[in-house]
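The lines below spell out each chain.
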Amino acid sequence: MIFTILFYTFVVVTAIQIVYYLSFSFFVVQKQEIKPPNTNIPVSVIVYVKNNAGILTEYIQNVIKQKHPNFEIVLVNNASTDTTLEVIKNLQQEYSHIKVVNVENTEAFWANKKYALTLGVKAATHEHLLFTEVSSKALSKNWINEITSYFSQEKTIVIGYQKLKRRKKSFSNLLIRFDHLLNAIQAFSYAKFGAPYKATNHNLAYTKEEFFKVNGYINHLTLFMGEGDLFLKDAATDQNTIVATTPNSFVCSTKHLSFKEWFSQQKKDSILFSLYKPKHKFLLNFFKLTKFLVYILAVFMTFLNWKIVLPLILSYYLMQYIVMGKLATKLHERNTVLLLPLLEICLVLLQIIIFISNQISKPKHWK
């Protein structure tokens with residue numbers, strides 16, 4: 001009797017996981033939106049800068065080389081304490097289409113990133129805005145062209161993809177990039193289904209009208225994170241948002257994310273998660289819960305009758321390899337799924353550890 005209950009529960013949760021993964025593949029099999037070859041939309045590229053004096057000059061060279069015919073660069077210097085401002089002023093003298101927004105600390109908005117970005121939006125000349133940061137660089141000289149080509153009369157928010165820098169022969173780096181890929185796949189899939197909830201300000205574009213329609217970041221100005229996610233919560237709909245998944249639209253981080261940094265970020269992300277819309281929280285939690293049950297029940301069932309469980313487990317992993325392989329190929333991350341079973345097991349265990357850690361010590365949003 002117990003074996004029967006466990007077996008059917010295992011079958012149900014495994015089936016739910018399969019449905020999730022098949023839904024993730026939607027943005028791969030869906031026909032690509034027909035876009036004009038070059039819209040030439042004037043755009044303000046808003047670059048957030050904070051103590052980046054050492055890499056800023058090289059970074060600007062990457063942006064300056066963009067082939068888009070009409071863009072300005074708005075450098076938002078958020079109260080840097082190094083020589084960043086001096087470097088910015090030198091760059092402004094060299095390149096005429098650089099605009100500088102120097103934000104000084106005030107008692108009301110001390111080191112507030114969202115306040116600084118708001119000033120950048122207000123200073124921008126053009127209606128269409130493309131957000132990025134110095135710690136990421138475009139992988140193509142047609143990056144601005146590609147992102148802006150997704151804009152239309154209906155689509156006024158464009159969610160781009162940020163790759164994480166690869167470190168060879170590093171399991172922790174592989175694990176972090178696998179987690180990042182899975183999160184991106186979920187976010188893009190939900191956006192395709194009309195339920196956008198996640199974006200990064202390293203590669204996100206929208207119009208000034210959308211920004212001011214929701215009064216910018218006013219609803220979460222005191223939370224020192226989530227400028228992309230929480231803006232989508234306020235402004236994104238199933239009609240005005242589109243996902244850019246073509247290679248020319250990608251950016252990539254310029255530094256390796258350490259395991260310690262990733263673990264700390266996972267803890268802080270629980271704050272953002274608590275602010276998501278109920279439907280997003282339900283779908284994401286249900287995905288994690290059923291995945292956890294798949295592994296827990298698989299362990300129990302293996303001890304009871306491994307001959308029945310093994311075919312189901314192998315079918316589950318085969319399905320994952322097929323779906324994740326196609327998705328990873330589309331996002332140029334194919335090497336991240338080679339050790340898929342091991343990586344997924346590690347993530348499940350780490351999510352349990354992070355959950356317990358958050359119960360013991362709540363993460364602080366100002367850190």
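Note that this is a predicted model, so its numbers are computed, not measured.

The rules we used
Residues numbered from 1 in each chain as written. Predicted model: local features only at pLDDT ≥ 70, side-chain atom pairs only at ≥ 80, totals over all residues. Heavy atoms only, no water. Pairing = 2+ DSSP bridges. Helix = DSSP H or I, 4+ residues; strand = E, 2+ residues; numbered from the N terminus. Phe/Tyr/Trp six-rings, centres within 6.5 Å; stacked < 30°, edge-to-face > 60°. Buried < 20%, exposed > 50% of the residue type's maximum accessible area, 1.4 Å probe, protein only. Lys NZ or Arg CZ within 6 Å of the ring centre and 35° of its normal. Core = buried A, V, L, I, M, F, W, Y, C linked by side-chain atoms within 4.5 Å. Contact = heavy atoms within 4.5 Å. Polar contact = N/O pair within 3.5 Å; in protein donor to acceptor, adjacent residues only side chain to side chain.

### Description of the sheet that holds strand E7 (residues 162-163)
Part 1 of the argument: Pairing is mixed in the open sheet, where three strands are placed in the order E5-E10-E7. In this open sheet, the two strands that pair with only one neighbour each are strand E5 (136-138) and E7.
Part 2 of the argument: Relative to strand E10 (residues 251-253), E7 is paired through two bridges, and the arrangement is parallel. Looking at E10, one finds that Lys 163 is bridged to Cys 252.

### So, the packing of aromatic side chains
Part 1 of the argument: Enumeration according to the criterion identifies 21 aromatic pairs in this entry.
Part 2 of the argument: With 5.5 Å between their ring centres and 10 degrees between their planes, Phe 282 and Phe 286 make a pair best called stacked. In this pair, Phe 282 and Phe 286 are both assigned in helix H11 (residues 278-330), four residues apart and thus about one turn of the helix distant.
Part 3 of the argument: A residue is classified by how much of its surface remains accessible, and Phe 282, at 51% relative accessible area, is exposed.
Part 4 of the argument: Joined through ring pairs, the aromatic side chains of Phe 131, Tyr 206, Phe 211, Phe 212, Tyr 217 and Phe 231 make up one cluster.
Part 5 of the argument: Positioned over the ring face of Tyr 48 is Lys 113, at 4.7 Å from the centre of the ring.
Part 6 of the argument: Over the face of the ring belonging to Phe 273 we find Lys 288, whose NZ or CZ atom lies 6.0 Å from the ring centre.

### Topic: the environment of Pro 247
Part 1 of the argument: Note that Pro 247 resides in the loop between strand E9 (241-243) and E10.
Part 2 of the argument: The class of Pro 247 is partly exposed, set by a relative accessible area of 38%.
Part 3 of the argument: Separated by 85 residues in the primary sequence, Pro 247 and His 332 place their C-alpha atoms 7.6 Å from one another.

### What to know about the nonpolar core
Part 1 of the argument: Counting 75 residues, the largest nonpolar core has Tyr 21, Phe 24, Ile 46, Tyr 206 and Met 324 as the members making the most contacts within it.
Part 2 of the argument: At 15 residues, the largest contribution of residues to this core is made by H11.
Part 3 of the argument: With residues near it in sequence (within four places) discarded, Tyr 21 still touches Leu 182, Phe 287, Lys 291, Tyr 316, Met 319, Gln 320, Val 323, Met 324 and Glu 344.

### Some remarks on the environment of Thr 336
Part 1 of the argument: Within the element layout of this structure, Thr 336 appears in the loop between H11 and helix H12 (340-360).
Part 2 of the argument: Measuring from C-alpha to C-alpha, the distance between Thr 336 and Met 324 comes to 9.5 Å, with twelve residues separating the pair along the chain.
Part 3 of the argument: At a separation of 2.6 Å, a polar atom in the side chain of Thr 336 contacts the main-chain carbonyl oxygen of Glu 333.

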